[in-house]
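Single-letter residue listing:
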Amino acid sequence: MPSSGRFSGILAPVITPFNGDLSPDANRLIAHCRWLLAQDVGLAVFGTNSEANSLSVEEKIELLDRLTDAGIDPAQMMPGTGCCALSDSVTLTKHAVRCGCRGVLMLPPFYYKGVSDDGLFRSYAEVIERVGSSDLRIYLYHIPPVSQVGLSIGLVLRLAGAYPEIIAGIKDSSGDWNNTRALLESGGDDFRVFSGSEGFLLRNLQAGGAGCISATANVNPAAIRRLYREWRTPDAESLQQECNDIRDILQASILQMPTMIPALKAVVAHFADDPDWETLRPPLLPLNGDRKSALLASLRQRNFAMPGIGQAPACRPTP
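Below you will find a few notes about this structure.

Rules behind the numbers
- Residues numbered from 1 in each chain as written.
- Predicted model: local features only at pLDDT ≥ 70, side-chain atom pairs only at ≥ 80, totals over all residues.
- Heavy atoms only, no water.
- Helix = DSSP H or I, 4+ residues; strand = E, 2+ residues; numbered from the N terminus.
- Rg over C-alpha atoms; globule rule 2.2 N^0.38 Å.
- Contact = heavy atoms within 4.5 Å.
- Areas by Shrake-Rupley, 256 points an atom, 1.4 Å probe, with all protein chains shown as cover.
- Lys, Arg positive; Asp, Glu negative; His and termini not counted.
- Charge placed at Lys NZ, Arg CZ, Asp CG, Glu CD.
- Expected span 1.5 Å × (residues − 1).
- Buried < 20%, exposed > 50% of the residue type's maximum accessible area, 1.4 Å probe, protein only.
- Arc of directions from axis to C-beta.
- Polar contact = N/O pair within 3.5 Å; in protein donor to acceptor, adjacent residues only side chain to side chain.
- Patch = residues over 30% accessible without salt bridge, like charges linked within 9 Å, V, L, I, M, F, W, Y side chains within 5 Å.
- Salt bridge = Lys/Arg side-chain N within 4 Å of Asp/Glu carboxyl O.
- Pairing = 2+ DSSP bridges.
- Axes fitted to C-alpha atoms, helices over the stretch in contact; angles between N-to-C directions.
- Right-handed = clockwise from strand over helix to strand, strands pointing away.
- Phe/Tyr/Trp six-rings, centres within 6.5 Å; stacked < 30°, edge-to-face > 60°.
- Lys NZ or Arg CZ within 6 Å of the ring centre and 35° of its normal.

Details of the overall build of the protein chain
Thinking step 1. For the protein chain, the helix and strand inventory stands at twelve helices and seven strands.
Thinking step 2. Taken over C-alpha atoms, the radius of gyration comes to 18 Å for the protein chain, in line with the 20 Å a tight globule of 319 residues would show.
Thinking step 3. Here the C-alpha coordinates of the protein chain stretch approximately 50 × 45 × 40 Å along the principal axes.
Thinking step 4. Considering only contacts within the protein chain whose residues lie at least 6 apart along the sequence, 72% involve residues at least 24 apart.
Thinking step 5. Summing over all exposed atoms, the protein chain offers an accessible surface of approximately 13,500 Å²; the carbon and sulfur share of this is 49%.
Thinking step 6. For the protein chain, the separation between the mean place of its 29 positive charges and that of its 34 negative charges on side chains is 1 Å.

Pasting the structure below:
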């Protein structure tokens, strides 16, 4: 993944580890980020699957500082900075820019439902004007199944037209390929469209998309990255199916649950031999024993592995 310019490729919304007292565990986060970077996957820290909306602005700022202090390249980070409160979005986005992050992933303010495109445009415009930096690059985050506040094609084009250098792209987690395709057809030449799942990765790349930002890149980065790298080869369809099979296993474990996070953490905990990874902040809870056993059994049947996970040093050695 290039270290400058707009993002392309595969990024993981990095799962956030917690200590027993539910405080963020920076050391484990650093180690997981290093492992992901070693798989050539970028870091969308503070995304949906990072439990970002269970973290305070202060906690996110501290974690971002810990990551950069540990030598994690900020050019490989796309932190989520969209909050319900305008001032929180501004504070967090300013800090990400100061840290040298190559872009931010920005939810709309999502507490109030049924708001107008004019209201959403003004919210993004206020953040942009108040941050006031030519280095800011925003990747819009469209995830209406969770946020219940979507970004219409018209709004996306209006924002990109008003701020062509700053509005760099979008993550489309609508789950609707027709919406992703419309964004690809409507956006400019350098407007980067990421699918929110590797399930759409091959189609997205074939249509001119930039890649994907996917929860399962936390556990299956090498296979997803291989599909991105080899999407023009005769093996592309089979590589896509292999990625789909692993995602289907993970998704099967979250029936009647709102998120894939417990499954992702259970898998990392198992392969890293580190049960503390299963800790989640309430209201989320770990997978129960039966679900976890079924998940891991299904992965074993696929000969799934996470080489090197848990082997990276948690912290940069003190000079």
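A word on helix α12 (residues 289-301)
Spacing of three or four residues puts side chains on the same side of an α-helix, whose turn is 3.6 residues.
Thinking step 1. If you check α12, its first and last C-alpha atoms are 18 Å apart, about what 13 residues at 1.5 Å a residue would give, namely 18 Å.
Thinking step 2. All buried positions along α12 are accounted for by Leu295, Leu296 and Leu299. Buried positions in α12, seen along its axis, are confined to an arc of 90° and lie on one side of it. Every exposed residue of α12 that faces more than 90 degrees away from the buried side is listed here: Asp290, Arg300 and Gln301.
Thinking step 3. Where α12 is buried, its residues touch α10 (236-252) and α11 (261-271).
Thinking step 4. If you check the start of α12, you find a side-chain oxygen 3.2 Å away from the backbone N of Asp290, and it comes from Asn288.
Thinking step 5. Of the residues one or two after α12, Asn303 is the one with positive phi, at around 55°.

Remarks on a nonpolar patch on the surface
Thinking step 1. Together, Tyr111, Tyr112 and Val115 give the surface a local cluster of nonpolar side chains, amounting to about 380 Å² of exposed area.
Thinking step 2. Position of Val115 among the secondary structure elements: in the loop between β3 (104-106) and α4 (117-131).
Thinking step 3. The exposure class assigned to Val115 is partly exposed, which follows from its relative accessible area of 36%.

Observations concerning the sheet that holds strand β7 (residues 211-213)
For sheets, the rule is that strands pair by backbone hydrogen bonds, running either parallel or antiparallel.
Thinking step 1. In spatial order, the strands read β2-β1-β7-β6-β5-β4-β3; together these seven strands make up an open sheet with parallel pairing. A strand with exactly one partner marks an edge of an open sheet, and here the two such strands are β2 (42-43) and β3.
Thinking step 2. Relative to strand β4 (residues 138-142), β3 is paired through three bridges, and the arrangement is parallel. Residue pairing across strands places Leu105 opposite Tyr139, the latter belonging to β4.
Thinking step 3. Here helix α9 (residues 221-229) sits on the sheet and contacts β1 (9-12) and β7; the angle it forms with β1, its principal contact strand, is near 160°.

As for the pairing of strand β5 (residues 167-172)
Remark: a regular strand shows side chains that alternate across the two faces of the sheet.
Thinking step 1. Most of β5 sits inside the fold, with six of its six residues counted as buried.
Thinking step 2. Here five bridges tie β4 to β5, and the two strands are oriented parallel to one another. By the bridge assignment, Tyr141 is partnered in β5 with Lys171.
Thinking step 3. In this structure, β5 lies alongside strand β6 (residues 192-195), joined through four bridges in parallel fashion. The residue bridging Lys171 from the neighbouring strand is Phe194, located in β6.
Thinking step 4. For the handedness criterion, the β-α-β arrangement of β5, helix α7 (residues 177-186) and β6 is classed as right-handed.

Describing the packing of aromatic side chains
Thinking step 1. Evaluated as defined, the whole model comprises five aromatic pairs.
Thinking step 2. An angle of 85° between the planes, with centres 5.2 Å apart, marks the rings of Tyr111 and Tyr112 as edge-to-face.
Thinking step 3. Residue classification places Tyr111 among the exposed positions, given a relative accessible area of 60%.
Thinking step 4. Here the aromatic residues Phe7, Tyr139 and Phe194 are joined through ring pairs into a cluster of three or more.
Thinking step 5. For Arg102, the ring lying beneath its charged end belongs to Phe7, and the centroid distance is 3.9 Å.
Thinking step 6. When the ring centre of Phe121 is taken as reference, the NZ or CZ atom of Arg158 above it lies at 4.0 Å.

Digging into the pattern of salt bridges
Thinking step 1. Tallied over the full model, the rule gives 16 salt bridges.
Thinking step 2. Residues Glu198 and Arg247 are paired through a salt bridge, measuring 3.0 Å at the closest nitrogen-oxygen approach. Placement of the pair is Glu198 in the loop between β6 and α8 (201-206) and Arg247 in helix α10, with a sequence separation of 49 residues. Accessibility classification places Glu198 together with Arg247 in one group, the buried group.
Thinking step 3. Measuring nitrogen to oxygen at the nearest pair gives 3.3 Å for the salt bridge that ties Glu230 to Arg226.

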